[in-house]
Amino acid sequence: MKNILGREIPEFIEGYGEVKQYKGYLSNKDGVIKKDFKFKTISSQDSKLHMDLSKLMDKLPLKDGMVVSFHHHLRNGDFVLNMVMEEIAKRGYKDVTIAASSIFPCHKGLVKMIENRVVTQIYAAYISGPVAEAISQGKLEKPAIMHTHGGRARIFESGERTIDIAFMAAPTSDEYGNINGVDGKSACGALGYAHTDAELANIVVAITDNLVEYPNTTIEINQTLVDYVLVVDAIGDPKGIVSGTTQITKNPIGLKVADLTAKFIEESGYLKNGMSFQTGAGGISLAVAAQLKDIMKQREICGSFASGGITGYIVDMYKEGLFKALFDVQCFDLDAIKSAKENPAHITMSASMYANANNKGAVVNKLDVVILGATEIDTNFNVNVTTGSNGVIMGGSGGHSDTAAGSKLCIIVSQLVNSRISVVKDKVTTLTTPGETVDILVTERGIAINPLRKDLLEKFKNSKLPIKTIEELRDIARGMTGQENDIEFEDEIVAVVEYRDGTVIDTIKKIK
């Protein structure tokens, strides 16, 4: 059957179960009941500290079919997922579900485990690299579950799934499990995606390469949530954790997109004292921030907060007095990590506080303007950031759907044509974020306003900016690229795309 967005979604998916159909981004207002915490008694004679992974594994209730979780703050420098899963595979366990907040190319060793049925299901908000390719080829026994950052918190808080053992990379920990992400050789900054795992897993193992004396004086996740502390030589490669300083694009087309975006925001009326703002770490997004920085300084505007994954560029705006505070769920570079350690108004937050649709109010609900990217956008403003133009998984929502739903003005920025492929389609290959939550598309060839935003259409009807319909932008791109061939898929569903409330918004099928 087709859902309200015109996507073919079956009522039942093998390996996933009964489907809750998407009915609109505001359809679920009932909330959920938060799962009970599970504690155990630890006496003053008990030690949490371990120095050997194998010996610790002997103590853990490992079993076939278990759910193990990992967080992705070490990104493409992570060692923890690999070292744990190699030990699990060596012990012969099968049918393991991995609940990782994200999967990166450094986790390519999972492909062999997928082929050998050690791993049969994966939950993640973002998947890239060899694991994504293996899933797209149908190698994973059960469909992968692609959710949002806020959706991941909701899944485990509601008890929809239970984490048997959480293995948490801890850049710094004391012997009792007080951890932070801002100190140590593997510092990554905020640990927003680890909070849910620490609070709700049946067993929590903190894995650190920087053991400090008790008490650790900077604590983000505290000892009452941690069962074991394991000390290893290295939890990650700092070169993969951060990329130094994130760079503004130098591409003239990208700079033009950024210039149009900044001018649109200025004319929209949202750029004013007390505004809140989020942008990603991409080159065009940072160029938008650079343009806004100049405008805010000229007009003496001070925003209330910037949020999301924080970059050094956003830190600079905060230091210059352009924002009063930063809400941070993950740090993207060294400057952001340093700021999270030093600045009291640089507030680290859990993924649930950031973006969970079913708590008593996420930070995304307080966002005025968010700048997002797109692999594809269709004429109904539905956005794909999950699969590439070839239909292969190459990303996922992350906070895309969460921020689009919560913000007052959601702007998609993109080159209209990239590598002879148009960003505007009649129908996106995979639907990640519904068009009813997307307001604007800005390209170098023009700006399209979602017809649902009649207020913006009225406001910009006499604007000197190049306002066009999204159909006009599609036709301009088609004149440059020609008609693109449709991708051919088999019937097998290899991944299920969940919206932030747990309804199914789309499925991904095996490439022919």
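Above this note sits the structure.
What counts, and at which threshold
- Residues numbered from 1 in each chain as written.
- Predicted model: local features only at pLDDT ≥ 70, side-chain atom pairs only at ≥ 80, totals over all residues.
- Heavy atoms only, no water.
- Helix = DSSP H or I, 4+ residues; strand = E, 2+ residues; numbered from the N terminus.
- Buried < 20%, exposed > 50% of the residue type's maximum accessible area, 1.4 Å probe, protein only.
- Contact = heavy atoms within 4.5 Å.
- Areas by Shrake-Rupley, 256 points an atom, 1.4 Å probe, with all protein chains shown as cover.
- Lys, Arg positive; Asp, Glu negative; His and termini not counted.
- Charge placed at Lys NZ, Arg CZ, Asp CG, Glu CD.
- Right-handed = clockwise from strand over helix to strand, strands pointing away.
- Pairing = 2+ DSSP bridges.
- Axes fitted to C-alpha atoms, helices over the stretch in contact; angles between N-to-C directions.
- Salt bridge = Lys/Arg side-chain N within 4 Å of Asp/Glu carboxyl O.
- Phe/Tyr/Trp six-rings, centres within 6.5 Å; stacked < 30°, edge-to-face > 60°.
- Lys NZ or Arg CZ within 6 Å of the ring centre and 35° of its normal.
- Core = buried A, V, L, I, M, F, W, Y, C linked by side-chain atoms within 4.5 Å.
- Expected span 1.5 Å × (residues − 1).
- Arc of directions from axis to C-beta.
- Parallel < 35°, antiparallel > 145°, perpendicular 65-115°, else oblique.
- Left-handed = near helix turned anticlockwise from the far one by under 90°.
- Nonpolar A, V, L, I, M, F, W, Y, C, P; charged D, E, K, R; others polar.

**Student:** Would you mind going over the overall build of the protein chain in detail, with residue names and values included?
**Tutor:** A count of helices and strands for the protein chain gives 15 helices and 28 strands. Each principal axis of the C-alpha distribution contributes one length, and for the protein chain these read about 75 × 55 × 40 Å. Considering the protein chain as a whole, with its 512 residues, one finds that 59% of them fall into the buried category. Of the contacts made within the protein chain by residues no fewer than 6 positions apart, 72% connect residues no fewer than 24 positions apart. Only carbon and sulfur atoms are counted for the fraction: they give 48% of the accessible area of the protein chain, which is about 20,300 Å². Counting 57 positive and 64 negative side-chain charges, the protein chain places the centres of these two groups 3 Å from one another.

**Student:** Describe in detail helix α10 (residues 312–319), supporting the description with residues and values.
**Tutor:** The buried fraction of α10 is high, at six of eight residues. G312, Y313, I314, V315, M317 and Y318 are the residues of α10 that are buried. On its buried face, α10 sits against β13 (276–279), α9 (283–298), β14 (303–310), β15 (323–331), α11 (334–342) and β16 (346–348). Two residues or fewer past α10, G321 is found with a positive phi of approximately 85 degrees.

**Student:** Before we move on, could you go through the pairing of strand β4 (residues 67–70) and cite the residues and values that matter?
**Tutor:** Consecutive side chains of a regular strand alternate in pointing toward one face of the sheet and then the other. Alternating residues of β4 divide into V67 and S69 and V68 and F70, and every residue in both groups is buried. Handedness of the crossover joining β4 and strand β5 (residues 96–100) through helix α2 (residues 80–90) is recorded here as right-handed.

**Student:** Any details on the sheet that holds strand β12 (residues 228–231)? Residues and values, ideally.
**Tutor:** The strand order β3-β12-β11-β8-β4-β5-β6-β7-β27-β28 describes an open sheet built from ten strands, whose pairing is mixed. Looking at the sheet topology across the chains shown, the edges are occupied by β3 (49–50) and β28 (504–511). On top of the sheet, helix α5 (residues 149–157) reaches β4, β5, β6 (119–124) and β27 (489–498); it is set at about 130 degrees to β5, its chief contact.

**Student:** With reference to specific residues and values, describe the pattern of salt bridges.
**Tutor:** Counted by the stated rule, this structure contains 28 salt bridges. Linking D259 and K263 is a salt bridge whose minimum nitrogen-to-oxygen distance equals 3.1 Å. With D259 and K263 both in helix α8 (residues 252–268) and four residues apart, the pair spans about one turn of that helix. Overall, the relative accessible area of 23% leaves D259 in the partly exposed class.

**Student:** Tell me about the packing of aromatic side chains, and name the residues and values.
**Tutor:** Tallied over the full model, the rule gives seven aromatic pairs. Centre to centre, the rings of Y176 and Y214 are 5.9 Å apart; their planes meet at 85 degrees, and the pair counts as edge-to-face. Remark: Y214 occurs in the loop between β11 (203–208) and β12 and Y176 occurs in the loop between β9 (172–173) and β10 (179–180); sequence separation between them is 38 residues. For Y214, a relative accessible area of 43% gives the class partly exposed. Each ring, one from F305 and one from F327, has its centre 5.3 Å from the other, and the planes form 80 degrees; the classification is edge-to-face. Of this pair, F305 sits in strand β14 while F327 is found in strand β15, placing the two residues 22 residues apart along the sequence. Given a relative accessible area of 9%, F305 falls into the buried group. Directly above the aromatic system of Y176 lies the positively charged group of K48, at a separation of 4.3 Å from the ring centroid.

**Student:** Would you mind going over the side chain of D328 in detail, with residue names and values included?
**Tutor:** As for its placement among the helices and strands, D328 is situated in strand β15. The charged side chain of D328 is buried without a salt bridge, its nearest counter-charge being R75 at 8.4 Å. For D328, the residues in contact, after removing those within four places along its chain, are A190, G308, G309, I310, H346, I347, T348 and M349.

**Student:** Can you tell me about the pairing of β15, naming the residues and giving the values?
**Tutor:** The element β15 is largely enclosed, with a buried count of eight among its nine residues. Bridge count between β14 and β15: seven bridges; the pairing is parallel. Across the sheet, the residue bridging to G303 is F323, located in β15. Read as a crossover between parallel neighbours, the route from β14 over α10 to β15 is right-handed. The sheet contact formed by β15 and β16 spans three bridges and is parallel. Residue pairing across strands places L326 opposite H346, the latter belonging to β16. Crossover β15 to β16 through α11 is right-handed.

**Student:** Outline the nonpolar core, supporting the account with residue identities and numerical values.
**Tutor:** Counting 163 residues, the largest nonpolar core has M85 and I122 as its most contacted members. Element by element, the count of residues in this core is highest for α9, at nine residues. In contact with I122, other than residues within four places in its own chain, are I98, I103, I114, I127, V131, I135, L140, A144 and I145. With six residues, the next largest nonpolar core counts I9, V19, V496 and V504 among its residues.

**Student:** Quick rundown of the sheet that holds strand β19 (residues 383–384)? Include the residues and the values.
**Tutor:** Spatially, the three strands line up as an open sheet ordered β19-β18-β23, and their pairing is mixed. Sheet topology places β19 and β23 (424–425) at the edges, where each strand pairs with a single neighbour.

**Student:** Which residues make up helix α15 (residues 470–481), and what values do they have?
**Tutor:** With twelve residues, α15 should reach 16 Å at 1.5 Å per residue; the first-to-last C-alpha distance of 16 Å fits that figure. Of all the residues in α15, the buried ones are I470, L473, R474, A477 and T481. The arc that holds every buried residue of α15, seen down its axis, measures 100 degrees, which confines them to one face. Trailing α15 by a residue or two, G482 shows a phi angle of about 80 degrees, which is positive.

**Student:** Break down the packing of α8 against α9 for me, citing the residues and quoting the values.
**Tutor:** Running from amino to carboxyl end, α8 crosses α9 at an angle of 45 degrees, the nearest separation of the two axes being 8 Å. Comparing the axis directions of α8 and α9 gives the class oblique. Handedness of the α8/α9 crossing: right-handed. Note on element contacts: α9 touches α8 through I284, A287, V288, Q291, L292 and I295, opposite G254, L255, V257, A258, D259, T261, A262, I265 and E266. When grouped by side-chain class, the residues that make up the contact of α8 with α9 number ten nonpolar, three polar and two charged.

Remember that the coordinates give geometry; whether it matters functionally is a separate question.
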